[in-house]
Amino acid sequence: MPSNSTQAKERLPIPPAQDSVASAEVSLYRNVLRIRQEHSLLDLGISFYDAETTIQWSYNADQYFHAASTMKLAILLGVFRQVDRGELSLEAPVHVRNRFTSIVNREPFMLDLGRDADPDVYGHLGKTLTVRELAYWMITKSSNLATNLLVDVVGINTVQLALDELDIDGVRVLRGVEDQRAFEAHLNNEVTANGLLKMLRLIADGKAYSQKACDDMLEIMLDQQYRSGIPAGLPKAARVAHKTGNISTVHHDAGIVYLEGRKPYVLVILTQFSADQGRGTAVADVSRDIFNTLAGNLDGDE
Amino acid sequence: MAMSSVEVTQGLKVVDAFDLDDELRAILKPGEMVRDAQGRRHRLPRYFYEIASHEAALSTRLTTHFAMNELILNDLREAPRLQQYPRYVPCAVRILAFYLEQFRAACGASVHIAVNGGYRSPSHKLSSDATPHMWGTAADVYRIGSSILKTKELIEKYNDIAEDLSDDILVLPYGHVTGANADDHLHLDLGFVTLIPREISEDRMEQPQENRPRFAFEERRAKDRRTPAAED
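So, how was this worked out
- Residues numbered from 1 in each chain as written.
- Chains lettered and ligands numbered in written order.
- Predicted model: local features only at pLDDT ≥ 70, side-chain atom pairs only at ≥ 80, totals over all residues.
- Helix = DSSP H or I, 4+ residues; strand = E, 2+ residues; numbered from the N terminus.
- Buried ≥ 20, exposed ≤ 12 C-beta atoms within 10 Å, placed from the backbone.
- Contact = placed C-beta atoms within 7 Å.
- Pairing = 2+ DSSP bridges.
- Nonpolar A, V, L, I, M, F, W, Y, C, P; charged D, E, K, R; others polar.
- Axes fitted to C-alpha atoms, helices over the stretch in contact; angles between N-to-C directions.
- Left-handed = near helix turned anticlockwise from the far one by under 90°.
- Core = buried A, V, L, I, M, F, W, Y, C linked by C-beta atoms within 7 Å.
- Domains from an automatic or database assignment.

*Asks:* Can you help me understand the overall build of chain B in this one?
*Replies:* The helix and strand inventory of chain B stands at seven helices and eleven strands. When each of the 232 residues of chain B is scored for burial, the buried share is 39%. Contacts in chain B between residues at least 24 apart in sequence constitute 66% of all its contacts with a sequence separation of at least 6.

*Asks:* Honestly, the pairing of strand β1 (residues 43-50) of chain A in this entry has me stumped. Any pointers?
*Replies:* It is a general feature of regular strands that their side chains alternate between the two faces of the sheet. Residues and elements named next belong to chain A. Across the eight residues that make up β1, a large majority, seven, are buried. Two strands pair when backbone bridges link them, and β1 and strand β2 (residues 56-59) are joined in this way by four bridges, in the antiparallel orientation. Bridge pairing in β2 places I46 opposite Y59. Following β1, the chain reverses through five residues before pairing antiparallel with β2; T54 in that reversal takes a positive phi of roughly 60°.

*Asks:* Honestly, the interface of chain B and chain A in this entry has me stumped. Any pointers?
*Replies:* Across the contact, 13 residues belong to chain B and 14 residues belong to chain A. A per-class count over the side of chain B that touches chain A returns five nonpolar, four polar and four charged.

*Asks:* Where do I start with the sheet that holds β1 of chain A in this structure?
*Replies:* Residue and element names in this part refer to chain A. With respect to topology, five strands assemble into an open sheet ordered β2-β1-β12-β11-β10, the strand pairing being antiparallel. Each having just a single partner strand, β2 and β10 (239-247) make up the two edges of the open sheet. If you compare each strand with its neighbour and ignore which way they point, the axes differ by 5° on average. Alignment of β10 against strand β11 (residues 250-258), held across nine bridges, turns out to be antiparallel. Across the sheet, H242 pairs through a bridge with G255, a residue of β11.

*Asks:* I keep staring at the environment of T70 of chain A and nothing clicks. Help me out?
*Replies:* Residues and elements named next belong to chain A. Position of T70 among the secondary structure elements: in the loop between β3 (65-66) and α3 (71-84). Note: C-alpha distance between T70 and V191 (121 residues apart in sequence) is 8.0 Å. Beyond its immediate chain neighbours, meaning those up to four positions away, T70 contacts V191, L196, K243, G245, H252 and A254.

*Asks:* Would you take a moment to explain unusual backbone geometry for this structure?
*Replies:* Trans is the prevailing form of peptide bonds, just as negative phi is the prevailing case for residues other than glycine. Between Y85 of chain B and P86 of chain B the backbone carries a cis peptide bond, its omega angle lying at 0°. Relative to the assigned elements, P86 of chain B resides in the loop between α3 (68-71) and β6 (87-90). At N105 of chain A, a position not held by glycine, the phi torsion is positive, near 55°. Looking at the element boundaries, N105 of chain A is found in the loop between β5 (100-101) and β6 (108-109).

*Asks:* I would appreciate a short explanation of the sheet that holds strand β8 (residues 171-172) of chain A in the present structure.
*Replies:* Hydrogen bonds between backbone groups are what pair the strands of a sheet, and the pairing can be parallel or antiparallel. Strand order in the open sheet formed by three strands is β3-β9-β8 (chain A), and the pairing between neighbours is antiparallel. Each end of this open sheet is capped by a strand with a single partner; those strands are β3 and β8 of chain A.

*Asks:* Quick question: what am I supposed to make of the packing of α3 of chain A against helix α10 (residues 211-222) of chain A here?
*Replies:* Two packed helices can be described by the angle between their axes and the distance between those axes. Residue and element names in this part refer to chain A. At their nearest, the axes of α3 and α10 sit 10 Å apart, and the two run at 145° to each other. The two elements α3 and α10 cross, and the hand of that crossing is right-handed. Of the residues in α10, those touching α3 at L76, F80, V83 and D84 are A213, D216 and M217.

*Asks:* What is the right way to read the nonpolar core from this model?
*Replies:* Soluble globular proteins tend to bury their nonpolar side chains together. Residues L76, V79, L134, L150 and L196 of chain A are the most contacted members of the largest nonpolar core, which totals 87 residues. Element by element, the count of residues in this core is highest for α3 of chain A, at nine residues. Counting contributing residues, this core receives three or more from each of domain 1 (16-63 + 192-297) and domain 2 (66-156) of chain A. Apart from the residues within four sequence positions on either side, L134 of chain A is in contact with V94, L129, A146, L149 and L150 of chain A. Counting 56 residues, the second-largest nonpolar core is a separate cluster that includes L73, I155, A162 and L172 of chain B.

*Asks:* Help me understand the domain arrangement of chain A, please; the structure alone is not making it clear to me.
*Replies:* When the parts come together, some accessible area is lost, and that loss is often what is quoted as the size of the interface. Residue and element names in this part refer to chain A. Annotation of chain A at the domain level lists domain 1 (16-63 + 192-297) and domain 2 (66-156). The distance between the C-alpha centroids of domain 1 and domain 2 comes to 25 Å. The interface of domain 1 with domain 2 comprises 22 residues on the first partner and 19 residues on the second. Taken together, the elements giving at least two residues each to the side of domain 1 that touches domain 2 come down to α9 (193-204), α10, β10 and β11. By residue class, the composition of the side of domain 1 that touches domain 2 is twelve nonpolar, seven polar and three charged.

Next comes the structure, spelled out in structure tokens:
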């Protein structure tokens, strides 16, 4: 990790810490300020919990951000709530259809086929995919079509009910994705770093409904195919169960980091920037910084 | 009654839905009156083909190019019991298949019926109002040949072909109002056609078996009559 700039040190209002934990936290804070400045971020939210050291640390973690595709974790939770209750089968077939209803004035809308990254789902238009397959593509390739289909299957109220049942504050899910009328009406899904952290900790600990449900969710999240966020700041051997979120002005990643020889840590990084700037590598830089702070002595291979 | 409720027609077993178990009768609602979106009342079909297995559905050809399987594909919105075999489909599905075969020939390409696009039971989650899908006499087509029907031009082109085939065929015009229009598929239907197989003697409708109501709604009404009305 690059050394801190003199400028960042001068701005830091915290005196040097004496013990190692406090020292690490001060170091993290300095580096976060530096990364935020280097990447000209408009906003940055971070929260992590390390099961090995039991350290929990956050920065701006209760501020709401546009959720982008991190909201798909909440949909996954809603799906597995229904599965766990026996009200939905993972093998149930779902008609793949590109037609949805806006939460504003109930008008129908279709997804832009060119924007979705997942032809695996579009290729089944008019046919079926199972709930399990849709959940897999929703998370691993962030398929918007799969997401909206699952929202239709379980209902947005069920998703919010799941969040409420598990006392997850900081995750607000109003709708599926690409509902342009809702976007224009500022009706967006929002998350805080602490909200996503709570959700991921429950999943990591096997406490989001059943252990089986958590194991199934983790199995899907471990197959994530977009790895430019948290994984890009980690050694190659690290396994990360995570979900990214990108729109033109935000880049997020929220995940559980598994490293050999230690308990996992849960990390959420939310970034917001101006539309003309592009997303850069801020998430990976923060991830690298936190890895070095928590577990960098385990493996120097980056 | 001398007549058996189960007959065999052209390799398919015909059942009188009144003879099915309580759960199936509650799902299929044989003979019940339902309202369409305009408030008009229609009586649901009573005679169904029983399809024993997925293999039977695949191998049962209604016409040269349409197998039974294609007209009973549903997703999780269908009642769970009807997602299992044996499956049931109103006998009028045969007439639909006949017209679909003509339509296929007129299009000069394969016609793909979508999931939930053929028979949908009255308990299907898309069955809020009565539609001919509940009679097995409607089809939603999402793809013809290699063309996915997602544009106004394509849907209107094939709507014209379907309408030219017969005055019996109704298509939904292109548009965005669910139930009245279609904007991502072609909907064609024959109306609320009921087919009574020739093996069936309809006198049973007039003289139901002892202790068996003629229609499920009559059973419920009888119960209602036995239950004193609650006082306000």
